[in-house]
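Coordinates in review
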Amino acid sequence: MTGGFRADKKFRINKKVLIFLRRHLSKAIIEIKQVITEVMMGIRDFIKGQLIDVIEFTTDNKDILAHKFDDKGKQIMMGAQLTVRPGQRVVFINEGEIADIFDDGRYELSTSNMPILTKIKSWKYGFESPFKVDIYFVSVDEKIGQPWGTPSKIAVKDPDFGMLRIGANGYYNYKIEDPGTFIVKLVGTDREYTVDECRTHLNGQFTNSFTDFFGEAKKTLFEAYANIQEFSEDVYGDVHPKFTQFGLSLISFDLREIRVPEVVETAMDERASVAALGGMDMYQRKTLTDATAEAAVNMSQRDGGSGIAGMGMEVATGMSMGSMMGGMMGSMMGGNNGQQPQQP
């Protein structure tokens, strides 16, 4: 009996110990699991903090053409959310090489929507590791009313007037057509590229074209001055391909003014009058008529005039001046040969 009692007592004690241990071990296990979970979440948050999971760029500054996304030295996690807003394009660049370009929309980055980068980096389908790439946000909205003007008066050679110093100004509209080419040709490694920086480069294209039209005798100054809209179209046609090579599209160009010396402007106005009147013969007749009328007015207003003889002197002087002016205009209308028109 004694032995059996002791064994039964020992069993009851062991059972209590097991119950005690089970109860407290279960609690300890739960607490350990919670600690492990918290540690794992901390590790995950730390790793996530070292990766980029949201890529976007917003600004109210309309003068920014290109902006490099600041990755703060972090890698991009596969599955990161890329947001491209209307009027934007996003360019991925891998070690200086243009990769994928994204239109406006929302993207969850994966090998399926980054085919060029996937090929460059030789990723396998379903690749999940973080990666690093340069990201540029590019504004593709039309840039309206960009001012252009010659930086100073430029020297040109004209067949009618010889060497002259002239100036011009106008406006143009353009937009970025090929973001990748634009980044490579103009932006380079700049973190930001603005309308003002681009304008400095583009305005030089217009100035060169404007000068070349006269230097290569494509246009005379009078032809450009007399039909400024047509000349605008000529300059547009010449400059448009130059914009294309920078990833840009020149939408329009409007030449507003050509500035010439006053004496040249007067001569061109007179030449325009000749053309409007139908040629030199009509111009000389009008000049003579105007001179005669002016002489008659002068005689009528002169006190103690010299009568018919004095009027004859006035008319003769007017005719002489009209003939001289007609001869000068005839030389100009004759073009490069400078010949006077034959008298009938």
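Note that the structure is predicted; figures quoted are calculated from it, not measured.

Here we take up the overall build of the protein. Tallying secondary structure elements over the protein gives nine helices and twelve strands in all. Going through the 344 residues of the protein one by one, you find that 33% of them count as buried. Put simply, 68% of the contacts in the protein that link residues at least 6 apart link residues at least 24 apart. Roughly 20,800 Å² of accessible area belongs to the protein as shown, and the carbon and sulfur atoms make up 55% of that amount.

Here we take up the sheet that holds strand E7 (residues 134-139). The strand order E5-E4-E7-E2-E11 describes an open sheet built from five strands, whose pairing is antiparallel. Two strands in the sheet have a free side with no partner beyond their single neighbour: strand E5 (97-102) and strand E11 (192-194). Within this sheet the neighbouring strands show an average axis-to-axis angle of 20 degrees, counted without direction. Along the sheet, helix H4 (residues 195-215) makes contact with strand E2 (64-68) and E11, crossing E11 at roughly 60 degrees.

With that out of the way, let us pick up the layout of surface pockets. As a volume, the second largest pocket reaches approximately 250 Å³. In this structure, the second largest pocket is lined by 17 residues; those nearest its centre are Thr59, Asn61, Gly87, Gln88 and Ser139. Among the elements of the structure, E2 and E7 are those that each provide at least two residues to the lining of the second largest pocket.

Moving on: the environment of Thr118. For Thr118, the location among the structural elements is in helix H2 (residues 115-121). Judged by relative accessible area, Thr118 falls into the buried class, the value being 13%. Polar side-chain contacts of Thr118 include one of 3.4 Å to the backbone oxygen of Thr111.

Turning our eyes to something else, we now look at the nonpolar core. Phe182, Phe210 and Leu248 are the most contacted members of the largest nonpolar core, which totals 44 residues. With seven residues, H4 is the largest single contributor of residues to this core. If near-sequence neighbours (up to four positions away) are discounted, Phe182 is found in contact with Leu65, Ala66, Val138, Ile176, Val187, Tyr193, Cys198, Phe246, Gly247 and Leu248. Counting residues in hydrophobic clusters, the runner-up holds 22 residues, among them Ile64, Phe92, Ala99 and Leu117.

Another aspect to go through is the sheet that holds strand E6 (residues 105-108). With mixed pairing, the three strands of this open sheet are ordered in space as E1-E3-E6. Because the sheet does not close on itself, it has two edges, and the strands there are strand E1 (51-55) and E6. The average angle at which neighbouring strand axes cross in this sheet is 10 degrees, direction not considered. Note: strand E3 (residues 75-84) against E6, four bridges, orientation antiparallel.

Turning our attention to the pattern of salt bridges. According to the stated counting rule, one finds ten salt bridges in the structure shown. For Asp134, the salt bridge goes to Lys68, with nearest N and O atoms at 3.6 Å. Separated by 66 residues along the polypeptide, Asp134 in strand E7 and Lys68 in strand E2 bring together distant segments of the chain. The class for Asp134 is partly exposed, based on a relative accessible area of 30%. Taking relative accessible area as the criterion, Lys68 reaches 17% and is therefore assigned buried. Notably, a salt bridge pairs Asp70 with Arg191, separated by 3.9 Å at the nearest N-O pair.

So, about unusual backbone geometry. A positive phi is found at Lys72, a non-glycine position, where the angle reads about 55 degrees. Here Lys72 is to be found in the loop between E2 and E3. In the Ramachandran plot, Glu95 falls in the positive-phi region, its phi being about 50 degrees despite a non-glycine side chain. Tracing the chain through its elements places Glu95 in the loop between strand E4 (88-94) and E5.

Moving on: the pairing of E7. The buried fraction of E7 amounts to five of the six residues, a majority that puts the element mostly inside the structure. As paired elements, E2 and E7 share three bridges and run antiparallel to each other. Pairing of Lys68 across the sheet is with Tyr136, part of E7. Examined bridge by bridge, E4 and E7 share six bridges and lie antiparallel to one another. The partner of Arg89 across the bridge, within E7, is Val138.

Calculation criteria
- Residues numbered from 1 in each chain as written.
- Predicted model: local features only at pLDDT ≥ 70, side-chain atom pairs only at ≥ 80, totals over all residues.
- Heavy atoms only, no water.
- Helix = DSSP H or I, 4+ residues; strand = E, 2+ residues; numbered from the N terminus.
- Buried < 20%, exposed > 50% of the residue type's maximum accessible area, 1.4 Å probe, protein only.
- Contact = heavy atoms within 4.5 Å.
- Areas by Shrake-Rupley, 256 points an atom, 1.4 Å probe, with all protein chains shown as cover.
- Pairing = 2+ DSSP bridges.
- Axes fitted to C-alpha atoms, helices over the stretch in contact; angles between N-to-C directions.
- 1 Å grid on protein atoms, 1.4 Å probe; cavity = no way out; pocket = protein on both sides within 12 Å on 5 of 7 lines; lining within 4 Å.
- Points joined across faces, edges and corners; volume = space filled by probe spheres on them.
- Polar contact = N/O pair within 3.5 Å; in protein donor to acceptor, adjacent residues only side chain to side chain.
- Core = buried A, V, L, I, M, F, W, Y, C linked by side-chain atoms within 4.5 Å.
- Salt bridge = Lys/Arg side-chain N within 4 Å of Asp/Glu carboxyl O.

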